[in-house]
Amino acid sequence: MLQAVQTIPKIANILAGALATIALALVCFEVFGRYFAPWILPDWGTEVTVYLMVWALFLSICNLPMTRGHVAANFIVDRLPPRKRYYFEMLSSLCSLIFSAILVWYGYEVVEFAILIGEESESTLRFPKWIYYLCIPVGMTLNLLAYIVRIYIDATTSPEQVFGKQDLH
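Computed from a predicted model, the values in this text were never measured in an experiment.

(A) Fine view of the overall build of the chain. Assigned secondary structure in the chain consists of seven helices and zero strands. Traced from its N-terminal end to its C-terminal end, the chain shows the element sequence α-α-α-α-α-α-α. For the chain, whose C-alpha radius of gyration is 20 Å, the value lies well above the compact-globule estimate of 15 Å for 169 residues. Taking the principal axes of its C-alpha atoms as reference, the chain extends roughly 65 × 40 × 30 Å. Put simply, the chain has 169 residues, and 36% of those count as buried. Look at the contacts in the chain between residues 6 or more apart in sequence, and 77% of them connect residues 24 or more apart. For the chain, the exposed area adds up to about 10,600 Å²; of that, 70% sits on carbon and sulfur atoms. Charged side chains of the chain number 11 positive and 13 negative; the gap between the two group centres comes to 14 Å.

Encoded structure:
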């Protein structure tokens, strides 16, 4: 089960890469069209590029907890002995887990509200905005699962195994 959950970030990264590649192709098409054939440009190209990139971003963040890749002010924490660093990392992971859960909840409310009012994009595409907003609860749910795995792995591993035996002081 743990290994299945650990493969989710890999799948999400592949999907995020595909979405970003499609967005890049659309941008290249728009640049070409702007200079050589402006009459072929749709009015929704930039809009779809933004949707694709935001979805790619939210899908890719679930890999960060597994690699400890989130941006953190850890200049001092990195210099602590392994046991103290371990407790700070656990506290940080728990706070991030709670934050992810809050964003899942509020993201769901945003999606629900967009469905309720029938919000659509302003372009001729008339894209339902709830699909765009859905990236928040989906991405943060994946992030939440990754933090659960990260916390489980850290809780079942000694601080020395997680951060090494050397005392940096």
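Right, picking up where we left off after that structure.
(B) Representation of helix α1 (residues 2–36). Taking 1.5 Å per residue, 35 residues should reach 51 Å; α1 reaches 52 Å between its end C-alpha atoms and fits that length. Residues of α1 that are buried sit in contact with α2 (45–60), α3 (64–67) and α6 (135–155).

(C) Structural context of unusual backbone geometry. A positive phi angle is found at Arg126, which is not glycine, with a value near 50°. In this structure, Arg126 sits in the loop between α4 (82–117) and α5 (129–133). Overall, Arg126 belongs to the partly exposed group, its relative accessible area being 43%.

(D) Quick look at a nonpolar patch on the surface. A cluster of nonpolar side chains, Val27, Phe29, Val31, Phe32, Tyr35, Phe36, Trp39 and Ile40, forms an exposed patch at the surface whose accessible area comes to about 890 Å². Structurally, the position occupied by Val27 is in helix α1. Taking the relative accessible area as the measure of exposure, Val27 reaches 34% and is therefore partly exposed.

(E) Examining the packing of α1 against α2 more closely. It is at 8 Å that the axes of α1 and α2 come closest, and there the two elements cross at 160°. Judged by the angle between their axes, α1 and α2 are roughly antiparallel. The way α1 lies across α2 gives a crossing that is left-handed. Counting all contacts with α1, which are made through Ala12, Asn13, Leu15, Ala16, Leu19, Ala20, Ile22, Ala23, Leu26, Val27 and Glu30, the residues of α2 involved are Gly45, Thr46, Val48, Thr49, Leu52, Met53, Trp55, Ala56, Leu59 and Ser60. Residue composition of the contact of α1 with α2, grouped by class: 15 nonpolar, five polar and one charged.

(F) Region of interest: the nonpolar core. Leu19 and Leu59 are the most contacted members of the largest nonpolar core, which totals 17 residues. Taken together, the elements giving at least two residues each to this core come down to α1, α2 and α6. It is α2 that contributes the most residues to this core, six residues altogether. When near neighbours in sequence (up to four residues on either side) are disregarded, Leu59 contacts Ala12, Leu15, Ala16, Leu19, Val138 and Leu142.

Reading the values: rules and limits
Residues numbered from 1 in each chain as written. Predicted model: local features only at pLDDT ≥ 70, side-chain atom pairs only at ≥ 80, totals over all residues. Heavy atoms only, no water. Helix = DSSP H or I, 4+ residues; strand = E, 2+ residues; numbered from the N terminus. Rg over C-alpha atoms; globule rule 2.2 N^0.38 Å. Buried < 20%, exposed > 50% of the residue type's maximum accessible area, 1.4 Å probe, protein only. Contact = heavy atoms within 4.5 Å. Areas by Shrake-Rupley, 256 points an atom, 1.4 Å probe, with all protein chains shown as cover. Lys, Arg positive; Asp, Glu negative; His and termini not counted. Charge placed at Lys NZ, Arg CZ, Asp CG, Glu CD. Expected span 1.5 Å × (residues − 1). Patch = residues over 30% accessible without salt bridge, like charges linked within 9 Å, V, L, I, M, F, W, Y side chains within 5 Å. Salt bridge = Lys/Arg side-chain N within 4 Å of Asp/Glu carboxyl O. Axes fitted to C-alpha atoms, helices over the stretch in contact; angles between N-to-C directions. Parallel < 35°, antiparallel > 145°, perpendicular 65-115°, else oblique. Left-handed = near helix turned anticlockwise from the far one by under 90°. Nonpolar A, V, L, I, M, F, W, Y, C, P; charged D, E, K, R; others polar. Core = buried A, V, L, I, M, F, W, Y, C linked by side-chain atoms within 4.5 Å.

Nothing here speaks to function; it is geometry throughout.
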